[in-house]
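# Notes for the structure review
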Amino acid sequence: MLTVLRVHLPSDIPIVGCELTPYVLLRRPDNNVTTDDVPESAPIESHFLRYKWYRIQSDKKVAVCSVHPSEQATLQCVVCVKAKVSIPKSYHCSSKCFSDAWSHHRTLHERAANAINESGNEEDEMFGRFSSTGSGVCTTSLSGSLSLPSMSNASTAIYPAVVAQRSGGETWFEVGRSKTYTPMADDIGHVLKFECCVVDVETKIPLGPSSTLLTSRVIPAPSPTPRRLISIAGANVTGHSDSEGRLSTSGTFSVLSYNILSDSYASDLYSYCPSWALSWPYRRQNLLREIVGYRADIVCLQEVQGDHFDEFFSPELDKHGYFGIFKRKTNEVYAGNSSIVDGCATFFRRERFSHVKKYEVEFNKAAQSLTEAVVPGAQKKLALNRLVKDNVALIVVLEAKFGIQGVDNMGKRQLLCVANTHVNVQQELKDVKIWQVHTLLKGLEKIANSADIPMLVCGDFNSTPGSAPHALLAIGKVDQAHPDLSVDPLGILRPPAKLFHQLPLVSAYSSFSRFGAGFGFEQHKKRMDAITHEPLFTSCTRDFIGTLDYIFYTADSLTVESLLELLDEDSLRKDTALPSPEWSSDHIALLAEFRCMPRMKR
């Protein structure tokens, strides 16, 4: 007989919008143990599994802490209520929690004070506003505070006729009949119950008792501080909103670059992040909301697992009008499951661009060619061991479907070349980093020489500002006295004079320092390094804080119109780092809006 041995959830903290998938262990009639589903359409010996989800709704309303959403709130900020700040953000679990979060929390009051604008909602004008909590979803009546009418949950169930029981001040509403369940806003503050039983196909009667589990209270998805799009050169971003509400101007396009942190790397290194916030079911939804919220025309992602591209990002972003191209890292160093090997994924809006061509750069192949050509035979194996690191770059050539104002290109195709890469991470292999970046740039030079085409170079270069790889990208050459060149056991960087390129690349985010900017310029000067003109950080963990990610562009054909504002350390909870419940990667996203312009002769 079919028997349920165990039901289990990877995390017992359910979050709104994040699918819950219980682990159900079965013993089949042949005594084999499996986790495969047994639906009614494919029964085993006339038996199948039936699933039900219930929301246990208590008469006692409960609010959750805005800082520690797994904790019940005990106090509410009165200023937030008076200033009409989003109600869920006003709750805290203790006075210490409120005190610790004050430097961040008071910005909500400041934003609310300046919220009067044409739309009447200041946050609607911010990129990255992707809270899934909605309005009127927080259920609370705090001790010593007033209960607000707008804070009650609706009690409408998916199956309103089915109420399992009511006893002891609790009502069980049936909310789902599949193995998985995605908590909704109405579930916030309530416990969910999962029920699984073996059922006879003919009689539809359960055979034996049901296996059940209870979750903790459902919490809203934490909402990070919204990030503004800040114009460069003192002008406000102007234009019109398209059918999706995306701000656009004729001839401009936006590019996002983001290392999303592969699930295979989200390990004990980030033990400071709550386990539920580090789980992939939560992170993938949080990342998707963030990426979609930025509304970029081109999206360059790094550390995308192959299975996650195929099963999640590609189909989900397709729903938002994106087409995706993926390049998996070569699988020579890592010999595990090839489906979870990560790589680079580039997406673009189908309504804005069409795909013309792609180039795949495998640094392993380049390493083999290099060692065959210049490394003595006795050192070839040593050279390959040092150079072969599985890193790749994905280069796509796109054609714009929109007009380019101010450019005499009547009858000409407006092409754009976008490179997306993730450079080797090992800090001691400085020569490998320089060589990989140089190899990529030389490949891009060949494309530039064959076509008059603007270029973007995006990615995680695992190189800080002022390093040799950064110098090669930003100024086109590396000083022969640069300390990074002292690490060259294979002699692949000699002579140093060969480390140059002729692409007129400029870092997009250096525009904050090189030009005047619009709203928030003075604030962002504090977030930039005064010497390198790069952000103070694009990655922030307990062990490292610094800049590793960049968007470079060819300055003779593109100009920066606006940039996504940077985070500062005050924007991150002072008792945590990245990743966090609000931000699901150990890197932050970079976004720049560009305009094509008449090309200057080189």
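Coordinates for the structure precede this section.
First, a word on scope: everything that follows refers to the structure included in this document. (Residues numbered from 1 in each chain as written. Predicted model: local features only at pLDDT ≥ 70, side-chain atom pairs only at ≥ 80, totals over all residues. Heavy atoms only, no water.)

## So, the sheet that holds strand 2 (residues 23-27)
Here is the rule: Pairing between strands is defined by DSSP: at least two bridges between the two strands are required. Counting from the N terminus, the helices are DSSP H or I runs at least four residues long and the strands are E runs at least two residues long.
Taken in spatial order, the three strands line up as 1-2-3 in an open sheet, and their pairing is antiparallel. The open sheet has two edge strands with one neighbour each: strand 1 (3-8) and strand 3 (33-34). Strand direction decides the pairing type here: strand 1 and strand 2, joined by five bridges, are antiparallel. Considered in strand 2, the bridge of R6 is made with L25.

## Things to note about the pairing of strand 26 (residues 558-564)
Filter applied, for reference: Three labels apply to residues, based on accessible area from a 1.4 Å probe with only protein chains included: buried if under 20% of the type maximum, exposed if over 50%, partly exposed otherwise in between.
Of all the seven residues making up strand 26, five are buried; the element is thus mostly covered by neighbouring parts of the structure. In terms of strand pairing, strand 11 (residues 229-231) meets strand 26 through three bridges, oriented antiparallel. Paired with S231 across the bridge in strand 26 is S562.

## A word on the sheet that holds strand 21 (residues 455-460)
In plain terms, the rule: To obtain an axis, a line is fitted to C-alpha atoms, over the contacting stretch when the element is a helix, and the angle between two such axes runs from 0 to 180 degrees between their N-to-C directions. Whether two residues are in contact is decided by their heavy atoms: any pair within 4.5 Å suffices.
Taken in spatial order, the six strands of this open sheet run 18-19-20-21-25-22, and their pairing is mixed. Taken across any chain shown, the strands that pair with only one partner, and hence form the sheet edges, are strand 18 (353-362) and strand 22 (505-507). Averaged over all pairs of adjacent strands, the angle between their axes in this sheet comes to 20°, without regard to strand direction. Bridge analysis of strand 19 (residues 392-400) against strand 20 (residues 415-422) gives seven bridges, and the strand direction is antiparallel. From the neighbouring strand, V397 faces strand 20, where its bridge partner is C417. Where helix 7 (residues 363-374) meets the sheet, it contacts strand 18, strand 19 and strand 20, and its direction lies at approximately 45° from that of strand 18. Here helix 10 (residues 468-475) sits on the sheet in contact with strand 21, strand 22 and strand 25 (549-554), set at roughly 25° to strand 25.

## Topic: unusual backbone geometry
Comment: phi is negative for the bulk of residues other than glycine, and the bulk of peptide bonds are trans. Put simply, R494 and P495 share a cis peptide bond, and its omega is -5°. Looking at where P495 falls in the secondary structure, it is placed in the loop between helix 10 and strand 22. Unlike most non-glycine residues, N31 shows phi in positive territory, near 75°. Along the chain, N31 turns up in the loop between strand 2 and strand 3. Given the relative accessible area of 56%, N31 is considered exposed.

## Things to note about helix 10
For helix 10, the tally of buried residues reaches six of eight residues, placing the bulk of the element in the interior. Those residues of helix 10 that fall on the buried side of the exposure criterion are A468, P469, H470, A471, L472 and L473. Remark: G476 follows helix 10 within two positions and exhibits a positive phi of approximately 85°.

## Digging into the nonpolar core
We apply this condition: Working definition of a nonpolar core: buried Ala, Val, Leu, Ile, Met, Phe, Trp, Tyr and Cys residues. They are joined through side-chain atoms within 4.5 Å.
Residues F253, I291, I298, F347, F353, L456 and F594 are the most contacted members of the largest nonpolar core, which totals 63 residues. Leaving out residues up to four positions away in the same chain, F353 has contacts with F253, D297, I298, F348, L398, E399, A400, K401, F402 and L416. In this structure, F363, I447, I453 and L490 belong to the second largest nonpolar core, which totals 42 residues.

## Digging into the packing of helix 7 against helix 8 (residues 380-387)
A pair of packed helices is captured by two measures, namely the crossing angle of their axes and the spacing between those axes. Just so we agree on the cut-off: Note on terminology: angles under 35 degrees are roughly parallel, angles over 145 are roughly antiparallel, angles of 65 to 115 are roughly perpendicular, and the others are oblique. Two helices cross in a left-handed way if the nearer one is turned anticlockwise from the farther one by less than a right angle. They cross in a right-handed way if the turn is clockwise. Charged means Asp, Glu, Lys or Arg here, nonpolar means Ala, Val, Leu, Ile, Met, Phe, Trp, Tyr, Cys or Pro, and polar covers whatever is left, Gly included.
Running from N to C, helix 7 and helix 8 cross one another at 155°; their axes reach a closest spacing of 10 Å. In terms of orientation, helix 7 lies roughly antiparallel with respect to helix 8. As helix 7 runs across helix 8, the sense of the crossing is right-handed. Together, A367, Q368, L370, T371 and E372 of helix 7 and K380, A383, L384 and L387 of helix 8 make up the contact between the two elements. A breakdown of the residues in the contact of helix 7 with helix 8 according to their chemical character gives five nonpolar, two polar and two charged.

## Observations regarding the pattern of salt bridges
Where charged atoms from two side chains of opposite charge come close, those side chains can pair. Let me state the cut-off plainly: When a carboxyl oxygen of Asp or Glu lies within 4 Å of a side-chain nitrogen of Lys or Arg, that pair is called a salt bridge.
A full pass over the atoms with the stated rule returns 21 salt bridges. Where E40 meets K204, a salt bridge forms, and the shortest distance between an N and an O atom there is 3.4 Å. In this pair, E40 sits in the loop between strand 3 and strand 4 (47-58) while K204 sits in the loop between strand 9 (191-200) and strand 10 (211-217), placing the two residues 164 residues apart along the sequence. Judged by its relative accessible area of 38%, K204 falls in the partly exposed class. Here the salt bridges share partners, and the residues they tie into one network are K327, K358, E360, E362 and K365.

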